[in-house]
Amino acid sequence: MARRHTPGQVIAKVRQGQKMLNDGRPMIQVIKELQITEATWYRWLQHYGDEKNATRTKAVKDGMPPGVGPGSMRAAVPSMGTDFSILSRAAVAER
């Protein structure tokens, strides 16, 4: 049975692996220590490799819609754009 990792665990392992590679360890040693295959390592790098992707993926996994950051106004008021367009149409109609 395949072992599953949570997004937080994957991000931690990718960071740990990148640090080991930067310290000069060979790739084969890194993936053995992380107990993953080379294909898994490259797949994780593609999805979680940079900080932006890691944060976005974790936010989506936690239930936040894509493109909405944790502190953004759209997260607090998701229908604000729709309400604004209704108001602007009403203002144009009154003229």
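Each value, and the rule that gives it
- Per chain, residue numbering runs from 1 following the sequence as it is written.
- Reporting in this predicted model follows two pLDDT cut-offs: at least 70 for local features of residues, and 80 or more for side-chain atom pairs to be given and counted; totals over whole chains, interfaces and linings ignore these cut-offs and use all residues.
- Values reported for side chains reflect all heavy atoms of the structure, with hydrogen atoms and water molecules removed beforehand.
- For the purposes of this entry, the term helix denotes a DSSP run of H or I that reaches at least four residues, the term strand denotes a run of E that reaches at least two, and both are numbered from the N terminus.
- Think of it in three bands: residues with accessible area under 20% of the maximum for their type are buried, residues over 50% are exposed, and the middle band is partly exposed, with areas taken using a 1.4 Å probe on protein chains only.
- Every accessible area reported is derived by Shrake-Rupley at a probe size of 1.4 Å, with residue values counting cover from the shown protein chains alone.
- The term nonpolar core refers to a set of buried residues drawn from Ala, Val, Leu, Ile, Met, Phe, Trp, Tyr and Cys, joined through side-chain atoms within 4.5 Å.
- In this analysis, two residues are considered to be in contact whenever any of their non-hydrogen atoms come within 4.5 Å of each other.
- Every residue is assigned a pLDDT by the predictor, reflecting its confidence on a scale from 0 to 100.
- Helix axes are fitted only over the stretch in contact, all axes being lines through C-alpha atoms; the angle between N-to-C directions runs from 0 to 180 degrees.
- With respect to orientation, any angle under 35 degrees is reported as roughly parallel, any angle over 145 as roughly antiparallel, any angle of 65 to 115 as roughly perpendicular, and every other angle as oblique.
- Two helices crossing with the near one rotated counterclockwise from the far one by less than a right angle form a left-handed crossing, whereas a clockwise rotation gives a right-handed crossing.
- For this classification, Asp, Glu, Lys and Arg are treated as charged, while Ala, Val, Leu, Ile, Met, Phe, Trp, Tyr, Cys and Pro are nonpolar and the rest, including Gly, are polar.
- Salt bridge, as applied in this entry: a Lys or Arg side-chain nitrogen positioned within 4 Å of an Asp or Glu carboxyl oxygen.
- Note: the arc covers the axis-to-C-beta directions of the helix.

**A look at the overall build of the chain**
Phase 1 of the analysis: Along the backbone of the chain there are six helices and zero strands.
Phase 2 of the analysis: Out of the 95 residues belonging to the chain, those deemed buried represent 19%.
Phase 3 of the analysis: Carbon together with sulfur atoms contributes 56% to the accessible area of the chain, which is approximately 7300 Å² in total.

**Description of the nonpolar core**
Phase 1 of the analysis: Counting eleven residues, the largest nonpolar core is built from Val10, Ile11, Val14, Met20, Val30, Ile31, Leu34, Ile36, Trp41, Trp44 and Tyr48.
Phase 2 of the analysis: At the level of elements, helix H1 (7–22), helix H2 (27–34) and helix H3 (38–48) are the ones that each hand at least two residues to this core.
Phase 3 of the analysis: At four residues, the largest contribution of residues to this core is made by H1.
Phase 4 of the analysis: Residue contacts for Val10: discarding those within four places in its chain leaves His5, Trp44 and Tyr48.

**Section: the confidence of the model for the chain**
Phase 1 of the analysis: For the chain, the mean per-residue pLDDT works out to 76, and 59% of the residues sit at or above 70.
Phase 2 of the analysis: Ranking the elements of the chain by mean pLDDT puts helix H5 (residues 73–76) last, at 54, and H2 first, at 94.

**Some remarks on the packing of H1 against H2**
Phase 1 of the analysis: Contact pair H1 / H2: the axes reach a minimum separation of 10 Å and the direction vectors enclose 150 degrees. By the angle class used here, H1 and H2 are roughly antiparallel. When the axes of H1 and H2 are compared, the crossing they make is right-handed. Of H2, the residues touching H1 (which contributes Lys13, Gln16, Gly17, Met20 and Leu21) are Met27, Val30, Glu33 and Leu34.
Phase 2 of the analysis: Of the residues in the contact of H1 with H2, the class split is five nonpolar, two polar and two charged.

**A word on the pattern of salt bridges**
Close approach of charged atoms allows side chains with opposite charge to pair.
Phase 1 of the analysis: One pass over the structure, following the stated rule, counts one salt bridge.
Phase 2 of the analysis: Notably, a salt bridge pairs Arg25 with Glu33, separated by 2.9 Å at the nearest N-O pair.
Phase 3 of the analysis: According to the relative accessible area criterion, Arg25 is partly exposed, its value standing at 33%.

**Quick notes on H3**
Phase 1 of the analysis: Regarding H3, the residues found buried are Thr40, Trp41, Trp44 and Tyr48. The buried residues of H3 all sit within an arc of 100 degrees when viewed along its axis, so they share a single face. Residues of H3 that are exposed and point more than 90 degrees away from the buried face comprise Ala39 and Gln46.

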